[in-house]
Amino acid sequence: MAPHHPEDIGMTAAEQPRQGGKGPRRAVAARDRTRQPTEVRRRLIVDAAVPLIAERGYKSVGVRDVAAAAGVSVGTVTYHFDSVQEVLSEAMVLHIEQYYAALSEAAEHATSGAEALRLLVDALFTEDTDRHWRMWFDFWHAGEQSTDETFARGQADRYAAWHRQIRALAERGVADGEFIGDDLDGFTARFAALADGLALQRLRQAPPLTTQQARHHLNRFIERELVPQPGR
């Protein structure tokens, strides 16, 4: 495994920096270690990488950082993963899948398609979702630089699933007689593009954009694209 940073070479657990700048993390004595299944170790490492990416960005996280956050040695990380890019890619995919699974679950409990779309918009832009959007854009930027076909397919599958989720909610509203919509594929593509654009503006704050304003723009878009049925 090629180290993400040159100083990762030959680093031991005892030399890893403790999180919060409180000095090096002490290596755990062999007699005190508990052997864990490979999948458990991999998940532990990936889970530890998620907040690092959210806080620092994909390019600023190295294998030493991940090892310190997970409380394992650099050797443990390199044993379970072929590269630090593999760790970070899995971490981003894990976060994104969990995030959109939560959105989908909330929408499924809505009483109508219109309510489901409103819940979706509300969930996309809160004071806590800036972290998600930073990872989302990191995810796509990493794909542009990656030659891994599996990673590229994973990106395409994730975005296709996101489109299906949006379209299903619009279809539900039309089927329930709440909306009139004859171009749901177009609506889906434009909704996703607008959400991405608003998220980027929200992160850059150029021009300034509040979460309330972002929601307003998306809700106005829905009202204009999916015309409410008379009397609804």
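What counts and what doesn't
Every chain is numbered independently, its residues counted from 1 as its sequence is written. Where totals are concerned, whole chains, interfaces and linings use all residues; where local detail is concerned, this predicted model gives features only for residues with pLDDT of at least 70, and gives and counts side-chain atom pairs only at 80 or more. Processing note: side-chain calculations cover all non-hydrogen atoms of the structure and skip hydrogens and water entirely. Secondary structure elements are defined from DSSP: runs of H or I of at least 4 residues count as helices, runs of E of at least 2 residues count as strands, and each element is numbered from the N terminus. Burial status follows relative accessibility: with a 1.4 Å probe on protein chains alone, a residue under 20% of its type maximum counts as buried, one over 50% as exposed, and anything between as partly exposed. Whether two residues touch is decided by their heavy atoms; if any such pair falls within 4.5 Å, the residues are in contact. Accessibility throughout is a Shrake-Rupley quantity obtained with a 1.4 Å probe, and a residue counts as covered only by protein chains that appear here. To pair, rings of Phe, Tyr and Trp, with the six-membered ring standing in for Trp, must have centres within 6.5 Å; the planes then decide the type, stacked if under 30 degrees apart, edge-to-face if over 60, and tilted in the middle. UniProt positions are given in the numbering used here, feature names are shortened, and annotations may be inferred rather than shown by experiment. Here a helix's expected span is defined as the number of its residues, less one, multiplied by 1.5 Å. This arc is built from the directions going out from the helix axis to the C-beta atoms. Throughout this description, the term nonpolar core refers to a set of buried Ala, Val, Leu, Ile, Met, Phe, Trp, Tyr and Cys residues connected via side-chain atoms within 4.5 Å. Each axis is a line fitted through C-alpha atoms, and for a helix only the stretch in contact is used; angles between axes span 0 to 180 degrees, taken between their N-to-C directions. Angular relationships are summarised with four words: roughly parallel below 35 degrees, roughly antiparallel beyond 145, roughly perpendicular across 65 to 115, and oblique for the angles in between. Note on convention: near helix rotated counterclockwise from far helix by under a right angle means a left-handed crossing. Clockwise means right-handed. When residues are grouped by polarity, Ala, Val, Leu, Ile, Met, Phe, Trp, Tyr, Cys and Pro land in nonpolar, Asp, Glu, Lys and Arg in charged, and all others, Gly among them, in polar.

1. What to know about the overall build of the chain
From N to C terminus, the chain includes 9 helices and 2 strands. Shown N-terminal to C-terminal, the secondary structure of the chain runs as helices and strands in the order α-α-α-α-α-α-α-β-α-α-β. For the chain, the proportion of its 232 residues judged to be buried stands at 40%. Considering only contacts in the chain between residues 6 or more positions apart, those separated by 24 or more positions represent 70%. Per element, the accessible surface of the chain, about 12700 Å² overall, is 50% carbon and sulfur.

2. Some details on the packing of aromatic side chains
Summed over all chains, the structure comprises 13 aromatic pairs. For the pair Trp-136 and Trp-140, a centre-to-centre distance of 5.7 Å together with 75° between the ring planes defines the contact as edge-to-face. Linking Trp-136 with Trp-140, this pair stays in helix α6 (residues 130-145), spanning 4 residues, or about one helical turn. Both rings, one in Phe-187 and one in Phe-191, keep their centres 5.9 Å apart while their planes meet at 40°; by these two values the pair is tilted. Of this pair, Phe-187 and Phe-191 both sit in helix α8 (residues 184-204), 4 residues apart, which is roughly one turn of the helix. Each of the two residues, Phe-187 as well as Phe-191, counts as buried. An aromatic cluster is present here, built from Tyr-99, Tyr-100, Trp-136, Phe-139, Trp-140, Tyr-159 and Trp-162 joined pairwise through their rings.

3. Brief notes about the UniProt feature "DNA-binding region" (unreviewed entry) in the chain
According to UniProt, the positions carrying the feature "DNA-binding region" (unreviewed entry) are residues 62-81. For residues 62-81, the end-to-end C-alpha separation is 13 Å, with 75% helix and 0% strand making up the annotated structure.

4. Considering the environment of Gln-165
Relative to the helices and strands, Gln-165 resides in helix α7 (residues 149-175). Since its relative accessible area comes to 12%, Gln-165 is described here as buried. As a C-alpha pair, Gln-165 and Ala-107 span 58 residues in sequence and 9.4 Å in three-dimensional space. For Gln-165, the residues in contact, after removing those within four places along its chain, are Tyr-100, Leu-103, Ser-104 and Leu-120.

5. Quick look at helix α9 (residues 211-225)
Taking 1.5 Å per residue as the helical rise, α9 with its 15 residues ought to reach 21 Å, and the 21 Å between its terminal C-alpha atoms agrees with that figure. When α9 is considered as a whole, its buried residues turn out to be Thr-211, Ala-214, Leu-218, Phe-221 and Ile-222. Across the axial projection of α9, the buried residues extend over an arc of 100°, all falling on one side. Facing away from the buried side of α9 by over 90 degrees, the exposed positions are Gln-212 and Arg-224. In this structure, the buried residues of α9 make contact with α5 (113-124) and α8.

6. Re the nonpolar core
Counting residues in each nonpolar core, the largest one holds 61 residues, and the members touching the most others are Leu-124, Trp-162 and Phe-191. The dominant element in this core, judged by the number of residues it contributes, is helix α4 (residues 84-108), at 11 residues. Beyond its immediate sequence surroundings of up to four residues, Phe-191 is in contact with Leu-120, Val-121, Leu-124, Trp-162, Ile-166, Leu-218, Phe-221 and Ile-222.

7. Concerning the packing of α7 against α8
Contact geometry for α7 and α8: axes closest at 9 Å, N-to-C directions at 125°. Overall, the two elements α7 and α8 adopt an arrangement that is oblique. α8 is crossed by α7, and the crossing has right-handed handedness. Every residue of α8 that contacts α7 at Tyr-159, Trp-162, His-163, Ile-166, Arg-167, Ala-170, Glu-171 and Val-174 is listed here: Leu-184, Asp-185, Phe-187, Thr-188, Ala-189, Phe-191, Ala-192 and Asp-196.

8. Concerning α5
Between its terminal C-alpha atoms α5 stretches 17 Å, which fits the 16 Å expected from 12 residues at 1.5 Å a residue. Here α5 has its buried residues at Gly-113, Ala-114, Ala-116, Leu-117, Leu-120, Val-121 and Leu-124. Buried residues of α5, viewed axially, fall in a sector of 160°; they line one side.

9. Focus on the packing of α5 against α9
Taken N-terminus to C-terminus, the directions of α5 and α9 make an angle of 155°; their axes are 9 Å apart at the nearest point. For the element pair α5 / α9, the angle class is roughly antiparallel. When you trace α5 past α9, the crossing you get is right-handed. Contacts between α5 and α9 involve Leu-117, Arg-118, Val-121, Asp-122 and Leu-124 from the former and Arg-215, Leu-218, Asn-219 and Ile-222 from the latter. The residue inventory of the contact of α5 with α9, partitioned by class, reads 5 nonpolar, 1 polar and 3 charged.

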